[in-house]
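Per-entry structural report
Spelled out, the chains give:
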Amino acid sequence: MAVRTMNPVHEASTCAVAATAEIIGAKWTALLVHDLSEGPRRFSELERSCQGISPRTLAERLRALEQEGILLRRSYPERPPRVEYELTEKGAALLPIIDAMREFGHDWLPCGRTHPHSF
């Protein structure tokens, strides 16, 4: 059995849970990782799937995730220029968290409920 060791203070610099929560908890990150789990996507595809995100916010989130090593930005020298985003190995390692979120949503939240639970 694994031994739990809790830090007295949860700071991203010393606590793995806090550091992960800082990444995955940023608005739009979980949805972007979820979208990219199916393969490379263009900016316009991500913008369409994340209803309500502004182009500026999307660009900022993608840039931050690229700097964090979660995704890779690929530019293709075509006319018009084509840019695609895809998960890195580090980004793909977040997928079990996304899957757990999906499972929780299906089991416990009204958006995923297809059959009533007894609470």
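Just so it is clear, the model here is predicted, and its values are computed rather than measured.

**Things to note about the overall build of the chain**
Looking only at helices and strands, one finds six helices and three strands in the chain. Along its sequence from the N terminus, the chain presents helices and strands in the succession α-α-β-α-α-β-β-α-α. Residue burial in the chain is summarised as follows: out of 119 residues, 24% are buried. A separation threshold of at least 6 residues defines the contact pool for the chain, and within that pool the share at least 24 residues apart is 42%.

**Description of the pairing of strand 2 (residues 71–76)**
Sheet analysis places strand 2 next to strand 3 (residues 82–87), joined by six bridges and oriented antiparallel. Considered in strand 3, the bridge of L72 is made with E86. The antiparallel pairing of strand 2 with strand 3 creates a hairpin that spans five residues between the two strands.

**Quick notes on the sheet that holds strand 3**
The three strands lie next to each other as 1-3-2, forming an open sheet whose pairing is antiparallel. For this open sheet the edge positions go to strand 1 (41–42) and strand 2, each flanked by a neighbour on one side alone.

**Points about the environment of P55**
Looking at where P55 falls in the secondary structure, it is placed in helix 4 (residues 55–67). Taking C-alpha positions, P55 is 8.9 Å from S44, a pair spaced eleven residues apart along the chain.

**Topic: the layout of surface pockets**
Reported here for the largest pocket is a volume of approximately 160 Å³. If you trace the largest pocket, you find it lined by A30, L31, H34, I98, M101 and R102. Contributing elements (two or more residues each) for the lining of the largest pocket: helix 2 (29–36) and helix 6 (95–108). By residue class, the composition of the lining of the largest pocket is four nonpolar, one polar and one charged.

**Concerning the pattern of salt bridges**
As enumerated under the stated definition, the model contains seven salt bridges in all. A salt bridge links E60 to R56, with the nearest nitrogen and oxygen atoms 3.2 Å apart. You can see E60 and its partner R56 sitting in helix 4, four residues apart, about one turn around the helix. Salt bridges sharing common partners tie together E78, R82 and E84.

The rules behind the values
- Residues numbered from 1 in each chain as written.
- Predicted model: local features only at pLDDT ≥ 70, side-chain atom pairs only at ≥ 80, totals over all residues.
- Heavy atoms only, no water.
- Helix = DSSP H or I, 4+ residues; strand = E, 2+ residues; numbered from the N terminus.
- Buried < 20%, exposed > 50% of the residue type's maximum accessible area, 1.4 Å probe, protein only.
- Contact = heavy atoms within 4.5 Å.
- Pairing = 2+ DSSP bridges.
- 1 Å grid on protein atoms, 1.4 Å probe; cavity = no way out; pocket = protein on both sides within 12 Å on 5 of 7 lines; lining within 4 Å.
- Points joined across faces, edges and corners; volume = space filled by probe spheres on them.
- Nonpolar A, V, L, I, M, F, W, Y, C, P; charged D, E, K, R; others polar.
- Salt bridge = Lys/Arg side-chain N within 4 Å of Asp/Glu carboxyl O.

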